[in-house]
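Residue-level structure breakdown
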Amino acid sequence: MTTLPADQVTTYLLPPAAYTEQSWFDREREQLFENTWVFCGVEHDLAAPGDFLTIDVGRSPIVVVRDGDDGLRAFHNICRHRGLLLVDDAGNCGKGLVCPYHRWNYGLDGSLRSVPQRDQYPELDYSQLGLHAVRCETWKSLVFVNLDPEAETLDSWMGDLGSQLEGFHPESLVEISTLEHPVASNWKLYVENHVDWLHLWYIHAGSLSQYHHSSGERREFGRHWTSFEPINEEPDPAVDPGGLHPIPGLSALEASNGAHFIFPSLTLFTNAGYWMLGQVVPEAPDRFTLRLRIFAVPGSDPAGFDEVIETVMHEDYAVAEAIQKALRSPAFEVGPLASSYEREIMRFHRHYLHYVDSVDQP
């Protein structure tokens, strides 16, 4: 864990082009997302043999599947015959992945099992035409993939992050709500807002007024962050979601309001009654989708909580979209950042630039 001095001077490190130009977006896909651990789902999604989900990681379509030995495997979602996508979205593929084009059949272990009209391929070597495998590992029931075969393990990547979240056992929770929001901004503007502590007093002056921001605790774990803040002694009932049963076994810190970040693009929200994932899905330089999945103790009622989340999230989206509109102005520039409350923005930039070449290519 790295602790930054509160008086450290912070500087905004990315130029406007990083949020508007296709060349930056293309480099991100290739250099960042294809070389880091990327969240793709939860083990709840892959409960039975043959259950699968799909995700685009950088330039590559990927399929993750539960195999017959109760393990998880990931592959490039591309048939080795003519390159068609094997499956879309999510579902169950039975005992294997079958290409809809010419019916090449792959086992749940990725091996090529059968080919119709075998006589048409006199030199076919089944052992050389299995699906290309991708690394797949889990952390606290969250499923991640990594296209780099030489990358560090997921546990190493996460470091000591789990020490702040030990009491949460998301595998014992149930999904009570799913929300999906398209946002007209670059994905990094949302991440920067997420790790910006300063805006809590202003953008969320009403929606998060029940929390004591000045007493919050923020910690850095390599590329990742956790933050917690206590509730005021007399919370405003108008913004208290209610309806969620307390998660057993949480520490006092864990039961406070938590907003965390797993580099490069997963936001995580916690509280006494929920574990919420915010999957950032970049789609274009000026567009992304945020997929929110809320997990809680069985029997919890999400109705009031969903309303609060919609309010808070749209306050954040409005900020990101307004900055996106201003970015193309020749007058646009970023002034000094708050030495403590905005320092994580600079840290995010540094981790990002470790992967992404900042010089436009000819």
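Now for a description of the structure that goes with this document. (Residues numbered from 1 in each chain as written. Predicted model: local features only at pLDDT ≥ 70, side-chain atom pairs only at ≥ 80, totals over all residues. Heavy atoms only, no water.)

Glancing now at the pattern of salt bridges. For the structure shown, the criterion picks out 18 salt bridges. The closest approach of N and O atoms between E28 and K188, which form a salt bridge, is 2.5 Å. Highlighted residues: E28 in helix α2 (residues 22-32) and K188 in helix α4 (residues 187-195), separated in sequence by 160 residues. A relative accessible area of 0% places K188 in the buried class. Across the salt bridge formed by E220 and R347, the nearest N and O atoms sit 3.1 Å from each other. A residue pair is termed long-range when its members are at least 10 positions apart, and E220 in strand β12 (residues 217-221) and R347 in helix α6 (residues 343-355) qualify at 127 residues. Salt bridges linked by common partners bring E30, E34 and R59 together as one network. (Salt bridge = Lys/Arg side-chain N within 4 Å of Asp/Glu carboxyl O. Helix = DSSP H or I, 4+ residues; strand = E, 2+ residues; numbered from the N terminus. Buried < 20%, exposed > 50% of the residue type's maximum accessible area, 1.4 Å probe, protein only.)

Now for the environment of V42. Tracing the backbone shows V42 in strand β1 (residues 38-42). Taking the relative accessible area as the measure of exposure, V42 reaches 2% and is therefore buried. The sequence separation of V42 and P230 amounts to 188 residues, and the corresponding C-alpha distance is 28 Å. Sequence-distant contacts of V42, that is, excluding residues within four places in its chain, are made with S141, V143, L277, R293 and F295. (Contact = heavy atoms within 4.5 Å.)

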